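Here is what each chain is made of, one letter per residue.
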Amino acid sequence: MKIALLCRSPQLYSHQRIIEAARARGHEIDTIDHLRCTIDIASHRPKIHYQGRALTGYDAVVPRIGASVTFFGTAVVRQFEMMRVYCVNESVAIARSRDKLRSLQLLSRKGIGLPVTVFAHKTSNAEDIVRLAGGAPVVIKLLEGTQGIGVVLGETPKAAESIIQAFGGVNTNILVQEYVEEANGEDIRCIVVGEKVVASMMRKGKEGDFRSNLHRGGSARPIKITPQERATAIGAAKAMGLNVCGVDMLRSNHGPVVMEVNSSPGLEGVEQATGVDVAAKIVQFVENNAEPGKTRTKGKG
């Protein structure tokens, strides 16, 4: 097969692993910087140009679209779809997962476990926002934040209200969520590939930090998840319409609650923690599913 890997930095661990796995299984794989693509929207002849040539002959696309370039990245994925090339994650599913509010609304509609969440723009009623989220402590998030950036813990009512008002001063949208204290600064990252959880790890934040992101200095270890946690991860991926994703959950007193669904999960932490060859699982999924024109939109909303 001829595979296109859409990514900005081919030297990153996750991208190198996908390249290695594809070549080890006898496939040709090219790395394409989606920001350097030019989309030719000609009637009946959709094309993508890259480095002076038209991109043709691809059997499948593996999109690794960074959060900061979601708009243009998904446009490139959508153009491949218009060209009837199979995309592991479709453009609309990536867009769903990148919009924190939209993703939570879709998960809620499907009955997926979620923390109590309040969305706000005007923050003059900070006291009411905190109350609706269940009272302090609460977690306050910028809607556009990634890798734990723009996530703050409001430990007391006054602290939470001050943080909310400060975010309001920069004219931004925020999410305020209940703080799941019983999770003890730990979360579960499940990697879903083709409606199966292929690897799972427990992440714990560094000392004194409630955020468990490995980018923020957290640690990880393999973990055996419960049937309910497995069903929650798979259900979250289906709600987004994603074939490959990372689902982040907390263990709360009322069952697993989903914090985020990531359409381009990093592979380094989970492969090193679990010993699972996630990259090979992704390539195997491509082998089993890539067909010309197989671009029907999954998920709803």
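Residues numbered from 1 in each chain as written. Predicted model: local features only at pLDDT ≥ 70, side-chain atom pairs only at ≥ 80, totals over all residues. Heavy atoms only, no water.

Draft legend 1. Seen up close, the overall build of the protein. Of regular secondary structure, the protein possesses nine helices and 16 strands. Taking 301 residues into account, the globule formula puts the C-alpha radius of gyration at 19 Å, and the protein, at 20 Å, falls close to it. With the C-alpha coordinates aligned to their principal axes, the bounding extent of the protein is approximately 60 × 40 × 35 Å. Sorting the 301 residues of the protein into buried and exposed places 51% on the buried side. Expressed as a percentage of contacts within the protein between residues at least 6 apart in sequence, the contacts between residues at least 24 apart total 67%. Counting every atom, the protein has about 14,200 Å² of accessible surface; 48% of that belongs to carbon and sulfur. (Helix = DSSP H or I, 4+ residues; strand = E, 2+ residues; numbered from the N terminus. Rg over C-alpha atoms; globule rule 2.2 N^0.38 Å. Buried < 20%, exposed > 50% of the residue type's maximum accessible area, 1.4 Å probe, protein only. Contact = heavy atoms within 4.5 Å. Areas by Shrake-Rupley, 256 points an atom, 1.4 Å probe, with all protein chains shown as cover.)

Draft legend 2. A look at the packing of aromatic side chains. Applying the stated criterion across every chain, the model contains one aromatic pair. Taking the centre distance of 6.5 Å and the plane angle of 90 degrees together, the rings of Y58 and F80 count as edge-to-face. Remark: F80 occurs in helix α2 (residues 70-82) and Y58 occurs in the loop between β5 (53-54) and β6 (60-63); sequence separation between them is 22 residues. The ring of Y58 is capped by K2, whose NZ or CZ atom sits 4.5 Å from the centre of that ring. (Phe/Tyr/Trp six-rings, centres within 6.5 Å; stacked < 30°, edge-to-face > 60°. Lys NZ or Arg CZ within 6 Å of the ring centre and 35° of its normal.)

Draft legend 3. Examining helix α6 (residues 157-168) more closely. Compared with the 16 Å implied by 1.5 Å per residue over 12 residues, the 16 Å span of α6 between its first and last C-alpha is a close match. Along α6, the residues that are buried comprise A160, E161, I163, I164 and F167. End-on view of α6: buried residues confined to an arc of 160 degrees, all on one side of the axis. With respect to the buried face of α6, the exposed residues turned more than 90 degrees away are K158 and A166. Check the buried side of α6 and you find it contacts α5 (126-132), β9 (138-142), β10 (151-154) and β11 (174-178). (Expected span 1.5 Å × (residues − 1). Arc of directions from axis to C-beta.)

Draft legend 4. Broad picture of the pattern of salt bridges. Taken as a whole and assessed by the stated rule, the structure comprises 13 salt bridges. Ionic pairing is found between D248 and R189, a salt bridge with its closest N-O pair at 2.3 Å. With a gap of 59 residues between them, D248 in strand β15 (residues 244-252) and R189 in strand β12 (residues 186-193) connect regions that are remote in the sequence. Residue classification places D248 among the buried positions, given a relative accessible area of 5%. Given a relative accessible area of 7%, R189 falls into the buried group. Close ionic contact of E229 with R251 constitutes a salt bridge, the shortest N to O distance being 2.5 Å. Taken together, the residues span a long stretch of sequence, with E229 in helix α7 (residues 227-240) and R251 in strand β15 at a distance of 22 residues. For R251, a relative accessible area of 31% corresponds to the partly exposed category. (Salt bridge = Lys/Arg side-chain N within 4 Å of Asp/Glu carboxyl O.)

Draft legend 5. Here's a closer look at the packing of α2 against helix α3 (residues 91-98). At a minimum axis distance of 8 Å, the contact between α2 and α3 shows a crossing angle of 160 degrees. As summarised for this structure, α2 and α3 are arranged roughly antiparallel, according to the angle between their axes. Here T70, T74, V77, R78 and E81 of α2 come into contact with α3, specifically with S91, I94, A95 and R98. Looking at the contact of α2 with α3 residue by residue, the class counts come to three nonpolar, three polar and three charged. (Axes fitted to C-alpha atoms, helices over the stretch in contact; angles between N-to-C directions. Parallel < 35°, antiparallel > 145°, perpendicular 65-115°, else oblique. Nonpolar A, V, L, I, M, F, W, Y, C, P; charged D, E, K, R; others polar.)

Draft legend 6. The pairing of β6, seen in detail. Side chains of β6 alternate between two faces, with A60 and V62 and V61 and P63 buried alike. With four bridges connecting them, strand β1 (residues 2-6) and β6 associate as parallel partners. Bridging from a neighbouring strand, L6 pairs with P63 of β6. Of the pairings in the sheet, the one linking β6 to strand β7 (residues 86-87) comprises two bridges and is parallel in character. Bridge pairing in β7 places A60 opposite Y86. This β-α-β element, β6 to α2 to β7, shows right-handed connectivity. (Pairing = 2+ DSSP bridges. Right-handed = clockwise from strand over helix to strand, strands pointing away.)

Draft legend 7. Main features of the packing of α3 against helix α4 (residues 100-109). Orientation of α3 relative to α4, taken along the N-to-C sense of each, is 100 degrees, at an axis distance of 5 Å. Judged by the angle between their axes, α3 and α4 are roughly perpendicular. For the pair α3 and α4, the contacting residues are V92, A95, R96, S97 and R98 in the first and K100, R102, S103 and L106 in the second.

Draft legend 8. Structural context of the sheet that holds strand β3 (residues 37-40). In spatial order, the strands read β3-β4-β5; together these three strands make up an open sheet with antiparallel pairing. Strands with a single pairing partner mark the edges of an open sheet, and in this sheet they are β3 and β5. With four bridges connecting them, β3 and strand β4 (residues 47-50) associate as antiparallel partners. Along β4, the bridge assignment pairs D40 with K47.

Draft legend 9. Geometry of the side chain of Q79. Mapped onto the fold, Q79 is located in helix α2. Reaching out from Q79, the side chain makes a polar contact with the backbone oxygen of D40 at a distance of 3.0 Å. For Q79, the contacting residues outside a window of four places in its chain are I39, D40, I41, P46, K47 and I48. (Polar contact = N/O pair within 3.5 Å; in protein donor to acceptor, adjacent residues only side chain to side chain.)

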